[in-house]
Amino acid sequence: MTWDRVALIINDILGALLIARLLRLRLHRVYYVFSLFVLLDLGGSSVLFLSLLYPDHFDYRIVWLCCAAMSWVAILWMVYALLGAMLATLPGVLTFGRKLLNMTFLCAIIIAILTAKPDLNAAQISTSAPFLYSAVNVGFVLDRVIATTALTVLLCILGFVVWFPVQMPKNLVLFSFGFITYFGSRTVLLLIHDFLGTKTPASLSVIDTCLLSLCFVYLILTIMPQGETIPIRIGHRWEVNQQKLLIERLEAMNSTLLQDARRL
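Throughout this description, residue numbers start from 1 for each chain and increase along the sequence as written. Whole-chain, interface and lining totals are the exception, using all residues; otherwise, since this is a predicted model, local features are given only for residues with pLDDT of at least 70 and side-chain atom pairs are given and counted only at 80 or more. For side-chain calculations, the full set of non-hydrogen atoms in the structure is used, while hydrogens and water are omitted.

1. Some words on the overall build of the chain
Rules: Numbering of helices and strands runs from the N terminus, with a helix taken as a DSSP run of H or I at least four residues long and a strand as a DSSP run of E at least two residues long. Partly exposed residues are those whose accessible area sits between 20% and 50% of the maximum for their type, while under 20% is buried and over 50% is exposed, using a 1.4 Å probe and protein chains only. Contact definition: two residues touch when any of their heavy atoms are within 4.5 Å.
What the chain contains, in helices and strands, is eight helices and two strands. The order of helices and strands in the chain, counted from the N terminus, is α-α-α-α-α-β-α-α-β-α. The proportion of buried residues among the 264 residues of the chain is 42%. In the chain, the share of contacts with a sequence separation of at least 24, taken over all contacts with a separation of at least 6, comes to 80%.

Here's what the structure looks like:
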């Protein structure tokens, strides 16, 4: 059995354990969205094994495109859910943040598409190429676009909660760092894949699978029921007076944004 298959089997087992744990704990809905993402990943891995066992009955390219499209929706949905969870105590900032998030997504997608333009042209350059071949190439590019967009937005959200002493449950803090770390690593690997092209080593997919497995282990070990009731603040270690001033400014900004939202 090859290393990539071993990595996939371990990843599937860990993913199933994580889903079972998150559903059993009945935590915030952001974890249910993440469970959907994991479930789609497990489904793709299962079909991959079926396609390897029965290559005449399953075309993994079609299944990958379908699973990838659903995972993109799950990723974007999860970013919005994560924003709502982080700013649950600041409804005014949350309302403004969602509007800003829409603009950020639009800008990030435009930037990502511009950087991906040569790849898209390469994928569509030959009209004689089979449709599935071109579709998969475009799918790979869009996968990087979505990952880049999600990472950009997540870093913006993280930057906000790092600067302002936003209070949130311990579980959410741990989950956010694990989630952002995974997407940062995944984006780097996708960029390496695009840069190397056909010279990309097969071990890159194994590394991607191992990173996801480590993310699963991290979440299984750190997400605890009591973590939902332990409030903590992350970010810059301000002095007591500075932190108090920032909290007052944050609360004032939240009240102002909430009043503006009600007027609209």
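2. Here's the deal with the packing of aromatic side chains
What counts here: Side-chain rings of Phe, Tyr and Trp, where Trp is taken by its six-membered ring, are said to pair if the distance between their centres is within 6.5 Å; with planes under 30 degrees apart they count as stacked, over 60 as edge-to-face, and otherwise as tilted.
Under the defined criterion, the tally for this structure stands at four aromatic pairs. Both rings, one in F34 and one in F175, keep their centres 5.2 Å apart while their planes meet at 85°; by these two values the pair is edge-to-face. Taken as a pair, F34 in helix 2 (residues 29-53) and F175 in helix 6 (residues 170-196) lie far apart in primary sequence, 141 residues in all. With a relative accessible area of 2%, F34 lands in the buried category. Taken together, a centroid distance of 6.2 Å and an interplanar angle of 90° make the contact between F34 and F179 edge-to-face. Of the two residues, F34 sits in helix 2 while F179 sits in helix 6, which places them 145 residues apart along the sequence. Like F34, the residue F179 is buried in the burial classification. Here a set of aromatic residues connected by ring pairs shows up, and it is made of Y31, F34, F175 and F179.

3. Some thoughts on the nonpolar core
As a reminder of what qualifies: Throughout this description, the term nonpolar core refers to a set of buried Ala, Val, Leu, Ile, Met, Phe, Trp, Tyr and Cys residues connected via side-chain atoms within 4.5 Å.
Among the nonpolar cores identified, the biggest contains 58 residues, and F34 and F175 are the most heavily contacted of them. Mapped onto this core, the elements with two or more residues apiece are helix 1 (3-25), helix 2, helix 3 (60-86), helix 4 (91-124), helix 5 (131-163), helix 6, helix 7 (203-222) and helix 8 (240-263). Per-element accounting of this core gives the leading share, twelve residues, to helix 3. Not counting the four nearest positions on each side in its chain, F34 is found in contact with L18, L22, M78, F175, F179, F216 and L219.

4. A word on a nonpolar patch on the surface
Note the cut-off: Any residue with relative accessible area above 30% and no salt bridge may belong to a patch, with like charges joined within 9 Å and the nonpolar Val, Leu, Ile, Met, Phe, Trp and Tyr side chains within 5 Å. In this description, accessible areas are obtained by the Shrake-Rupley approach with a 1.4 Å probe, and a residue is regarded as covered only by the protein chains that are shown. Within this document, salt bridges are pairs made up of a side-chain nitrogen of Lys or Arg and a carboxyl oxygen of Asp or Glu, the two lying within 4 Å of each other.
A cluster of nonpolar residues, I9, I13 and L17, forms a patch on the protein surface that exposes about 260 Å² of accessible area. The topology assignment puts L17 in helix 1.

5. Brief notes about the side chain of R21
Counted only if it meets this: Counted charges follow a simple rule, with Lys and Arg positive, Asp and Glu negative, and His plus the chain ends left uncounted.
Tracing the backbone shows R21 in helix 1. No salt bridge is formed by the buried R21, whose closest oppositely charged neighbour, E228, lies at an N-O distance of 11 Å. Not counting residues within four places of it along the chain, the set of residues in contact with R21 comprises I220, I223, M224 and P225.

6. Quick notes on the confidence of the model for the chain
Selection rule: By definition, pLDDT measures how confident the predictor is in each residue, and it falls between 0 and 100.
Scored by pLDDT, the chain comes out at a mean of 75, with 75% of its residues at no less than 70. The model gives residues 123-128 a pLDDT under 50, and that stretch makes four contacts with residues more than four places away or in other chains.

7. Describing the side chain of N11
We count it as follows: Residues adjacent in sequence count toward polar contacts only when both atoms are side-chain atoms; beyond that, a polar contact is any pair of N or O atoms within 3.5 Å, and within protein one must be able to donate a hydrogen and the other to accept it.
Within the secondary structure, N11 is located in helix 1. N11 gets classed as buried once you look at its relative accessible area, which sits at 1%. Polar contacts involving the side chain of N11 include one to the side chain of S213, which spans 3.2 Å. Sequence-distant contacts of N11, defined by excluding residues within four places in its chain, comprise D41, L42, T209, L212, S213 and F216.

8. Description of the environment of L142
Within the element layout of this structure, L142 appears in helix 5. Counting along the chain gives 70 residues from L142 to W72, while the straight-line C-alpha distance between them is 9.0 Å.

9. Side note on the environment of L94
Inspection of the secondary structure assignment puts L94 in helix 4. Assessed through its relative accessible area of 10%, L94 is described here as buried. Sequence separation between L94 and L83 is eleven residues; the distance between their C-alpha atoms is 7.5 Å. Discounting chain neighbours no more than four positions away, the residues touching L94 are L83, G84 and L87.

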